Amino acid sequence: MSDNKKIEKIVGVKGMNDILPDDAPLWELFENTVQSVLKSYGYQQMRTPIVEPTQLFARGLGEVTDIVEKEMYSFEDSMNGDKLTLRPENTAGIVRAALEHNLVYDGPKRLWYNGPMFRHEKPQRGRYRQFHQVGAEALGFTGPDIDAELIMLCQRLWDDLGLQNVRLELNSIGDAAERNQHRADLIAYFEKNEHLLDAEAKRRLHSNPLRILDTKNPAMQEMVNQAPKLLDYLGEESRNHFEGLQKILRDNSIPFTVNPRLVRGMDYYNRSVFEWVTDELGSQGTVCAGGRYDALFSIFGGKPTPACGFAMGIERLLELMKAAGDVQLPNLCDVYLVHQGSAAQSQAMVLGERLRDAGLDVVLHCASAAGVGSFKAQMKRADASGAAFAAIIGEDEIATGTVAVKSMRISADEGAREDKKPQQMQVAFESAVEFIVNQIVGDSHAEHGDDCCDDPNHIHIHH
Ligand code: ATP
Ligand code: MG
């Protein structure tokens, strides 16, 4: 290739984002929090493949849903012609796997998942072509207690994440017979008002009239508002279920509003449906959505099994967390190791391993194209790392068998006082680990009060 020929760079697929290291701590905080909340309710993690048979979604979600009609990444396996799809959601996959492995054979199961989903949508804020969902699926429970539990679990998560501006909307879409009656009346009503329907609504009139209620077309709002309401068609059992759910939520002080217009995009839902919405993210305001899907097991050829679940969009929740502002992110490391000279470098490596043995996170300064750099350049790196301490080994330290330990953090009010410069202590190499661990444990106790941690082996540090 000739030297002056410019090599074109390859860029990523539109709507599919790289998650960069700067954002990793926020993802980690979210994922750790959601995992521990799910665990506290007894949910077990499932990991299903990203690729599933196209038929799974076509049958499970319904042929005339947004997802199946126009959002799926589907392709043929070039080896054998199988029709495959990158999963646009994970409820269908979880139910397929539950059937395949007989998971509910010995009783109901509480399950959860976390992973990427793929939908061919117009990329915009809060709407991507690869995005990530955490979801929970409670299989084999009749509810409404489990419906309430799933909702309360979400509320606990928002609380733990410090998210205040998320509100709950609730509806019941009844069972199949109730929906059919409502559907017939709805079609009749829309036919009577056909002159007011837009092209999309006309197309959906007979295939999926419920979705017309979901229209964003302002010209149709008034007509849609007057349409027959599904809530008025609920029979006694569905009504009791819905009342039961509302009672548990009230008993547990979970605020909600009943939104009779709330319908979900997938065909498999029945009875309880809910959405957690916020006004802080523009038009992509739904951060979590779910409901009951008692028919899905049968649709897939399994024994009828009641089920309820939700999925939350991680990207939207991270945006909310950023907007809330007061998230405490962990730092990259506790100690940054600075060294000058080859003897110092070997000692620094030894010290690094010992500090890690003691449970600390340690970054060792390593050479880049520019070499290891001066002390000053290395200290700059140490500062940028957010480490609590820099441990410094140079010629002097090698000669005297010591390590210089410098505290990198001065709290705001300490920093304001002239006499409180960042401290640097000369410590014998052999006692450096103990010294640093004590400093860090001491710091975290001072911050949290002495009773914050009873386990002497557990060093946890919040900077
Ligand atoms: P919307 O009405 O916003 O298209 P949806 O009904 O298609 O949402 P669900 O399939 O219920 O969404 O997915 C649950 C959650 O996953 C959504 O509430 C949202 O937070 C998130 N989500 C869905 N699609 C996307 C996407 N393309 N990009 C980012 N997040 C998404
Ligand atoms: Mg959608």
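In case you missed it, the structure is sitting above this.
The structure presented is a predicted model; accordingly, all values stated were derived computationally and were not measured.

### Here's the deal with the overall build of the protein
Right, so step 1: Helices and strands together make up the secondary structure of the protein, namely 16 helices and 16 strands.
Right, so step 2: Against the compact-globule benchmark of 23 Å for 463 residues, the protein has a radius of gyration of 28 Å, which places it well outside the compact range.
Right, so step 3: Judged by the C-alpha coordinates and their principal axes, the protein covers about 90 × 70 × 45 Å.
Right, so step 4: Put simply, the protein has 463 residues, and 46% of those count as buried.
Right, so step 5: Long-range pairs, those at least 24 residues apart, make up 70% of the contacts in the protein with a sequence separation of at least 6.
Right, so step 6: Accessible surface, the protein as shown: approximately 24,400 Å² in total, 50% of it carbon and sulfur.
Right, so step 7: If the 49 positive side-chain charges of the protein are averaged to one point and the 68 negative ones to another, these points end up 6 Å apart.

### Structural notes on the packing of aromatic side chains
Right, so step 1: Considering all chains together, one arrives at two aromatic pairs under this definition.
Right, so step 2: Arranged with centres 5.6 Å apart and planes meeting at 75°, the rings of Trp158 and Trp276 form a pair that is edge-to-face. On the criterion of sequence distance, the pair formed by Trp158 in helix 5 (residues 145-161) and Trp276 in strand 9 (residues 270-277) is long-range, its members being 118 residues apart.

### Quick word on the sheet that holds strand 5 (residues 109-118)
Right, so step 1: The strand order across the open sheet formed by eight strands is 1-5-6-11-10-9-7-8, and the pairing between neighbours is mixed. Looking at which strands have only one partner, the edges of the open sheet turn out to be strand 1 (44-45) and strand 8 (257-258).
Right, so step 2: Relative to strand 8, strand 7 (residues 167-172) runs parallel, the two sharing two bridges. When the bridges of strand 8 are listed, Leu170 appears paired with Val258.

### Thoughts on the site of ligand 1
Right, so step 1: Around ligand 1 there are 16 residues in total, and Arg119, Glu121, Arg127, Arg264 and Thr286 lie nearest to it.
Right, so step 2: Glu121 places a side-chain nitrogen or oxygen 2.6 Å from a nitrogen atom of ligand 1.
Right, so step 3: Here Gly313 contributes a backbone N or O atom positioned 3.4 Å from an oxygen atom of ligand 1.
Right, so step 4: For the shell around ligand 1, the secondary structure elements donating two or more residues are strand 6 (130-139), strand 10 (286-292) and strand 11 (307-313).
Right, so step 5: Tallied by class, the residues present in the shell around ligand 1 amount to seven nonpolar, four polar and five charged.

### Regarding the sheet that holds strand 4 (residues 83-86)
Strand pairing within a sheet occurs via backbone hydrogen bonds; the two strands may be parallel or antiparallel.
Right, so step 1: Sheet architecture is open: three strands sit in the order 2-4-3, paired in antiparallel fashion. Every interior strand has two partners, whereas the edge strands, strand 2 (51-53) and strand 3 (73-76), have only one. Direction aside, the axes of adjacent strands within the sheet are offset by 35° on average.
Right, so step 2: Of the pairings in the sheet, the one linking strand 2 to strand 4 comprises three bridges and is antiparallel in character. When the sheet's bridge partners are listed, Glu52 is paired in strand 4 with Thr85.
Right, so step 3: With respect to the sheet, helix 2 (residues 54-61) is in contact with strand 2, strand 3 and strand 4, its orientation differing from that of strand 2 by roughly 70°.

### Concerning the side chain of Gln378
Right, so step 1: Looking at the element boundaries, Gln378 is found in helix 13 (residues 375-385).
Right, so step 2: Those residues within four positions of Gln378 in sequence are excluded, and the remaining contacts are Tyr336, Leu337, Val338, His339, Gln340, His365, Val372 and Gly373.

### What about a nonpolar patch on the surface?
Right, so step 1: Taken together, the side chains of Ile50, Val51 and Phe75 make up a nonpolar region of the molecular surface, amounting to roughly 210 Å² of accessible area.
Right, so step 2: Relative to the elements of secondary structure, Val51 occurs in strand 2.

### Some points on unusual backbone geometry
Right, so step 1: Gly143 connects to Pro144 through a cis peptide bond whose omega is 5°.
Right, so step 2: Locating Pro144 in the fold gives a position in the loop between strand 6 and helix 5.
Right, so step 3: We note that Ser253 has phi near 55°; this positive angle belongs to a residue other than glycine.
Right, so step 4: You can see Ser253 is positioned in the loop between helix 9 (236-251) and strand 8.

Rules behind the numbers
Residues numbered from 1 in each chain as written. Chains lettered and ligands numbered in written order. Predicted model: local features only at pLDDT ≥ 70, side-chain atom pairs only at ≥ 80, totals over all residues. Heavy atoms only, no water. Helix = DSSP H or I, 4+ residues; strand = E, 2+ residues; numbered from the N terminus. Rg over C-alpha atoms; globule rule 2.2 N^0.38 Å. Buried < 20%, exposed > 50% of the residue type's maximum accessible area, 1.4 Å probe, protein only. Contact = heavy atoms within 4.5 Å. Areas by Shrake-Rupley, 256 points an atom, 1.4 Å probe, with all protein chains shown as cover. Lys, Arg positive; Asp, Glu negative; His and termini not counted. Charge placed at Lys NZ, Arg CZ, Asp CG, Glu CD. Phe/Tyr/Trp six-rings, centres within 6.5 Å; stacked < 30°, edge-to-face > 60°. Pairing = 2+ DSSP bridges. Near = heavy atom within 4 Å. Polar contact = N/O pair within 3.5 Å; in protein donor to acceptor, adjacent residues only side chain to side chain. Nonpolar A, V, L, I, M, F, W, Y, C, P; charged D, E, K, R; others polar. Axes fitted to C-alpha atoms, helices over the stretch in contact; angles between N-to-C directions. Patch = residues over 30% accessible without salt bridge, like charges linked within 9 Å, V, L, I, M, F, W, Y side chains within 5 Å. Salt bridge = Lys/Arg side-chain N within 4 Å of Asp/Glu carboxyl O.

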